Amino acid sequence: MPELPEVETVKRGLAPVMEGAVFAHVEMHRPDLRFPFPARFQERLTGGRVEFLDRRGKYLIARLSTGENLIMHLGMSGRFTIAERSKNQPGAFTTVQKCNPAHDHVVFHVESDKRQVIIYNDPRRFGFMDIVNAGDLETCKHFKAMGPEPLGNTFTSNALNISLKGRLSPVKAALLDQRVVAGLGNIYACEALYRARVSPRRKAASVCGIRGERLHGAILSVLRDAIAAGGSTLRDFAGAGGDSGYFQHRFDVYGREGEPCLSCGGTISRIIQSGRSTFFCGHCQR
């Protein structure tokens, strides 16, 4: 599942094409993805200008001139591809990245100074799209319980301490709860806990004081480093231009079971927590 750095990478790839452009036509090749498309999906988008492309947690948000917002979630295998419309064949296009046309479920034809379309491809169809009024965005079902953006001004070490206070679950499980911090997933929770030298087994409520400050700083640093590397590509992820992320080549613990710890030379372990694999160094992380 793409996490915050991957979604941010996609947003930055789409922004030059999508921001300021008008949806001239929207093709739908099926009635649903993970969930059915909202009513009058094509009609509500057509003619709308994308004023700004935003991200909230693991979601993309196209803020439209119509007063509505297009919410997009990539799921496990969703990806956006920027394509060029053919000059010789009206309506035809050639992609900059090879996708299986059978899984090109939505095609956004945009009016701008370039002959481009944006294709949403999703073989597993775990992604979804929704349309929400601008005034209802923060209280809609997708965001009403979501925690602070980790790279935003409201995510401080004190805010993290308050979110973890009283939680008896392991801190790793708490970090995956989107009510604690938005956008963090399994990969970057493992990496942040390692950088903070905090055991994933430790009760969340006990991660306070110096440990809490270290964890807060580690979350920020690992997300910033991952964004700078274009995210992580383990299987399906690619940016809007077709490029894979490279942060997986810099993992300290994730996916490195049995390999030596880069700090102490000990062995990286793997355990299962909440149905997910957790990778850590039992010597460095306490």
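See the structure shown above.
Parameters at a glance
Residues numbered from 1 in each chain as written. Predicted model: local features only at pLDDT ≥ 70, side-chain atom pairs only at ≥ 80, totals over all residues. Heavy atoms only, no water. Helix = DSSP H or I, 4+ residues; strand = E, 2+ residues; numbered from the N terminus. Buried < 20%, exposed > 50% of the residue type's maximum accessible area, 1.4 Å probe, protein only. Contact = heavy atoms within 4.5 Å. Expected span 1.5 Å × (residues − 1). Phe/Tyr/Trp six-rings, centres within 6.5 Å; stacked < 30°, edge-to-face > 60°. Lys NZ or Arg CZ within 6 Å of the ring centre and 35° of its normal. Pairing = 2+ DSSP bridges. Axes fitted to C-alpha atoms, helices over the stretch in contact; angles between N-to-C directions. Core = buried A, V, L, I, M, F, W, Y, C linked by side-chain atoms within 4.5 Å.

Caption draft 1: How the structure looks around the overall build of the chain. Across its full length, the chain carries 6 helices and 11 strands. For the chain, the residues scored as buried account for 52% of the 286 residues in total. Within the chain, counting contacts between residues at least 6 apart in sequence, those at least 24 apart form 66% of the total.

Caption draft 2: Inspection of helix α1 (residues 4–18) at higher detail. The terminal C-alpha atoms of α1 lie 20 Å apart, and with 15 residues this matches the ideal 21 Å at 1.5 Å per residue to within 8%. Judged by how many residues are buried, α1 sits mostly within the fold: 12 of 15 residues are covered. Within the span of α1, buried status applies to L4, P5, E6, V7, E8, T9, V10, K11, L14, A15, V17 and M18. After α1 finishes, the residue G20 shows a positive phi value of roughly 85°.

Caption draft 3: Fine view of the packing of aromatic side chains. Applying the stated criterion to the full structure yields 8 aromatic pairs. On the basis of an interplanar angle of 80° and a centroid distance of 5.1 Å, the ring pair of Y59 and F143 is categorised as edge-to-face. Remark: F143 occurs in the loop between β9 (128–133) and α3 (157–164) and Y59 occurs in strand β3 (residues 59–64); sequence separation between them is 84 residues. The class of F143 is buried, set by a relative accessible area of 2%. Grouping aromatic residues by their ring pairs yields a cluster made of F35, Y59, F128 and F143. Taking the ring centre of Y194 as reference, the NZ or CZ of R197 above it sits at 4.6 Å.

Caption draft 4: Spotlight on the sheet that holds strand β2 (residues 50–56). Strand order in the open sheet formed by 4 strands is β2-β3-β4-β9, with antiparallel pairing between adjacent strands. Sheet topology places β2 and β9 at the edges, where each strand pairs with a single neighbour. Shown here is a sheet whose adjacent strand axes are inclined to one another by a mean of 20°, direction ignored. Bridge count for strand β4 (residues 68–73) against β9 is 6 bridges, and the pairing is antiparallel. In the sheet register, I71 faces β9, and the bridge partner there is D130. This element, α1, spans β2 and β3 of the sheet and lies at about 175° to β2.

Caption draft 5: Looking closely at the environment of P148. Within the secondary structure, P148 is located in the loop between β9 and α3. Sequence separation between P148 and R179 is 31 residues; the distance between their C-alpha atoms is 7.9 Å. With residues near it in sequence (within four places) discarded, P148 still touches R56, T154, F155, V180, V181 and A182.

Caption draft 6: Inspection of the nonpolar core at higher detail. With 37 residues, the main nonpolar core has L164, V171, L175, L184, L215 and I219 as its most contacted residues. Those elements that provide at least two residues to this core are α3, α4 (171–176), α5 (186–196), α6 (209–228) and β11 (276–281). Those residues in contact with L184 that lie beyond four places of it in its chain are E3, K58, L175, L176, Q178, A189, I219 and L223. Counting residues in each nonpolar core, the second largest holds 30 residues, with A15, L33, V50 and L74 among its members.

Caption draft 7: Spatial organisation of unusual backbone geometry. Even without being glycine, R40 reaches a positive phi, approximately 55°. Looking at where R40 falls in the secondary structure, it is placed in the loop between β1 (22–28) and α2 (41–45). You will see that R197, though not glycine, has its phi angle at about 60°, which is positive. Inspection of the secondary structure assignment puts R197 in the loop between α5 and α6. Using a relative accessible area of 29% as the deciding quantity, one classes R197 as partly exposed.

Any functional reading would require information that these geometric values do not contain.
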